[in-house]
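The primary structure of each chain is shown beneath.
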Amino acid sequence: MSLFTTFFQVFSRIAYILIALCVGALTFAISVWILNASLINSIVIHLDAPLSQKAGLLMSLLTSFSASVPTVSVVFIVVASVLFGINAALLAYYIKVRQGGLGGGSTVLSIGGVVASFLGIGCAACGTIILTSLLGLLGGAGLVALLPFGGAEFGVLGGVALLYSTWFILENISKPLTCPVT
């Protein structure tokens, strides 16, 4: 069975489309909110407003974030969110088909891709937000500045890892459930 056939077999079921959409949307929201952490802190903690207004402000960040973020970061966030949603749905299908197995290498690759993608969130001018913060704790914030693209490499690395993970899961789904007779 080809990988495209396997992909369409999985996503012909509404449950897996919903998983991909929900996980992708959640990944997108978390990515955008991480970029606006100080603003969100001000809204949630310091703003004296009803909960509905606070929620409305948080939701408005999701639709207007591209005005304050470089195009490269917007592309990284959208691609990582879509790929992670697809990856999560494929992984859920794989685990269900394999009768409750944990996915083995597929799970590790998926998580690794997401972590690398989150490390690459930020802008080219000021570097990656999360990676710079983590390296700052370790005393290595200046290392990101030495990278040719200011840390955007981690966004690319995350996207490549998610693509590979998606391919790997599709390969495993398309394998027969029985061992070949030799």
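Let me begin by describing the structure that accompanies this report. (Residues numbered from 1 in each chain as written. Predicted model: local features only at pLDDT ≥ 70, side-chain atom pairs only at ≥ 80, totals over all residues. Heavy atoms only, no water.)

1. Remarks on the overall build of the protein chain
This is how the line gets drawn: Elements are defined by DSSP. Helices are runs of H or I of four residues or more, strands are runs of E of two residues or more, and each kind is numbered from the N terminus. Categorising residues by exposure relies on relative accessible area from a 1.4 Å probe, with only protein chains included: less than 20% of the type maximum marks a residue as buried, more than 50% marks it as exposed, and the intermediate range marks it as partly exposed. By definition, residues are in contact when any of their heavy atoms lie within 4.5 Å. Shrake-Rupley sampling with a 1.4 Å probe provides the accessible areas, and residues are treated as covered by the protein chains on show and by no other component.
In terms of regular secondary structure, the protein chain is built from 9 helices and 2 strands. Going residue by residue from the N terminus, the α and β elements of the protein chain occur as α-α-α-α-α-α-β-β-α-α-α. Per-residue burial over the protein chain gives 40% buried out of 182 residues. In the protein chain, 72% of the contacts between residues at least 6 apart in sequence involve partners at least 24 apart. Of the accessible surface of the protein chain, which amounts to about 10,400 Å², a share of 75% is contributed by carbon and sulfur atoms.

2. Brief notes about the environment of Ser31
Note on placement: Ser31 falls in helix H2 (residues 14-35). Put simply, Ser31 and Val74 are 43 residues apart on the chain and 9.9 Å apart in space, counted from C-alpha to C-alpha.

3. So, the packing of helix H1 (residues 3-10) against helix H5 (residues 71-97)
In plain terms, the rule: Under this scheme, a helix contributes an axis fitted over its contacting stretch, all axes are lines through C-alpha atoms, and angles between N-to-C directions fall in the 0 to 180 degree range. We call two directions roughly parallel when the angle between them is under 35 degrees, roughly antiparallel when it is over 145, roughly perpendicular when it lies between 65 and 115, and oblique otherwise. Residues were grouped as follows: Ala, Val, Leu, Ile, Met, Phe, Trp, Tyr, Cys and Pro as nonpolar; Asp, Glu, Lys and Arg as charged; and all remaining residues, including Gly, as polar.
Between H1 and H5, the shortest axis-to-axis distance is 10 Å and the interhelical angle comes to 85°. The angle between H1 and H5 falls in the class roughly perpendicular. Across the interface between the two elements, Phe7, Gln9 and Val10 of H1 pack against Ile86, Ala89, Leu90 and Tyr93 of H5. Grouping the constituent residues of the contact of H1 with H5 by class yields 6 nonpolar, 1 polar and no charged.

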